[in-house]
Amino acid sequence: MPRDEIEVPKELREFMLEAAEETTLGQKNGAKRQFRYGNLHIREYDDKFLVHIDRIDPRKDPLGHLVCDAPEILVGLTCSILTGSKIAKKFLNNKSSKSTATTAILSSIIAGYVGYVVTKKIKNYLE
């Protein structure tokens, strides 16, 4: 749990802002549902709510949210795209087969995952 998240046990007080909207935006991290109210991000679990404030509301500025609040996703996507395109170009120049396309796709997925994990670890360390 990031340092800026507040845990609110359901047994203490079940709450939900009336104006909060259920959303699919954001990482659920095992939550049953998640809600947004402005920059407030609320995740609902069986026994608690986890609440934190995003710097930028992803409904208003998705790219800004990725840059400021979720850079690990942006880095992962960038690593995936760059690796996939570089490998694809290399194999396309050699008149490759389907197996090389599979290799390019797998390499792209692996590069994206590694970029995501490394950036997430760095982000958590800096928090």
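Note: the structure precedes this text.
Here is what the cut-offs are and how they apply
Residues numbered from 1 in each chain as written. Predicted model: local features only at pLDDT ≥ 70, side-chain atom pairs only at ≥ 80, totals over all residues. Heavy atoms only, no water. Helix = DSSP H or I, 4+ residues; strand = E, 2+ residues; numbered from the N terminus. Buried < 20%, exposed > 50% of the residue type's maximum accessible area, 1.4 Å probe, protein only. Areas by Shrake-Rupley, 256 points an atom, 1.4 Å probe, with all protein chains shown as cover. Pairing = 2+ DSSP bridges. Patch = residues over 30% accessible without salt bridge, like charges linked within 9 Å, V, L, I, M, F, W, Y side chains within 5 Å. Salt bridge = Lys/Arg side-chain N within 4 Å of Asp/Glu carboxyl O. Phe/Tyr/Trp six-rings, centres within 6.5 Å; stacked < 30°, edge-to-face > 60°. Lys NZ or Arg CZ within 6 Å of the ring centre and 35° of its normal.

Asker: Residue-level account of the overall build of the chain, with values.
Answerer: Each helix and strand counted, the chain has three helices and five strands in total. In the chain, the succession of helices and strands from N to C terminus is β-β-β-β-β-α-α-α. The buried share among the 127 residues of the chain stands at 31%. Here the chain displays about 8700 Å² of accessible surface, and carbon together with sulfur accounts for 61% of that area.

Asker: Tell me about the sheet that holds strand 2 (residues 21-22), and please be specific about residues and values.
Answerer: Taken together, five strands build an open sheet; the order of strands is 1-5-4-3-2 and the sheet is antiparallel. Both outer strands of the open sheet, strand 1 (6-9) and strand 2, are each paired with one neighbouring strand and no more. In this structure, strand 3 (residues 33-37) lies alongside strand 4 (residues 40-44), joined through five bridges in antiparallel fashion. In the strand pairing of strand 4, glutamine 34 is matched with arginine 43.

Asker: Before we move on, can you summarise a nonpolar patch on the surface with the specific residues and values?
Answerer: Taken together, the side chains of Ile105, Leu106, Ile109, Ile110, Tyr113, Val114, Val118, Ile122, Tyr125 and Leu126 make up a nonpolar region of the molecular surface, amounting to roughly 1100 Å² of accessible area. Following the sequence through the fold, isoleucine 110 ends up in helix 3 (residues 98-126).

Asker: Give a detailed account of the pattern of salt bridges, specifying residues and quantitative values.
Answerer: One pass over the structure, following the stated rule, counts 11 salt bridges. In this structure, glutamate 21 engages arginine 59 in a salt bridge whose closest nitrogen and oxygen atoms are separated by 3.1 Å. Linking glutamate 21 in strand 2 with arginine 59 in the loop between strand 5 (48-53) and helix 1 (62-68), this pair joins segments that are 38 residues apart in sequence. Classification of arginine 59 as partly exposed rests on a relative accessible area of 33%. A network of salt bridges, in which partner residues are shared, links Lys10, Glu22, Arg33 and Glu44.

Asker: I'd like to hear about the environment of threonine 78, residue by residue, with values.
Answerer: As for its placement among the helices and strands, threonine 78 is situated in helix 2 (residues 71-93). In this structure threonine 78 comes out as partly exposed when scored by relative accessible area, which is 38%. Here the alpha-carbon distance between threonine 78 and glycine 112, two residues 34 residues apart in the chain, equals 7.2 Å.

Asker: Describe unusual backbone geometry, listing the residues and the values that go with them.
Answerer: Look at asparagine 29: it is not a glycine, yet its phi comes out positive at around 50°. When you line up the elements, asparagine 29 lands in the loop between strand 2 and strand 3.

Asker: Could you give me a rundown of the packing of aromatic side chains, with the residues and numbers involved?
Answerer: For any two aromatic rings, the description comes down to two numbers: the centre-to-centre distance and the angle of the planes. Using the criterion set out here, one finds zero aromatic pairs in the structure. Seen from the ring of phenylalanine 49, lysine 10 lies directly overhead, with NZ or CZ sitting 5.3 Å from the centre. The aromatic ring of tyrosine 45 is capped on one face by lysine 48, whose charged end is 5.5 Å from the ring centroid.

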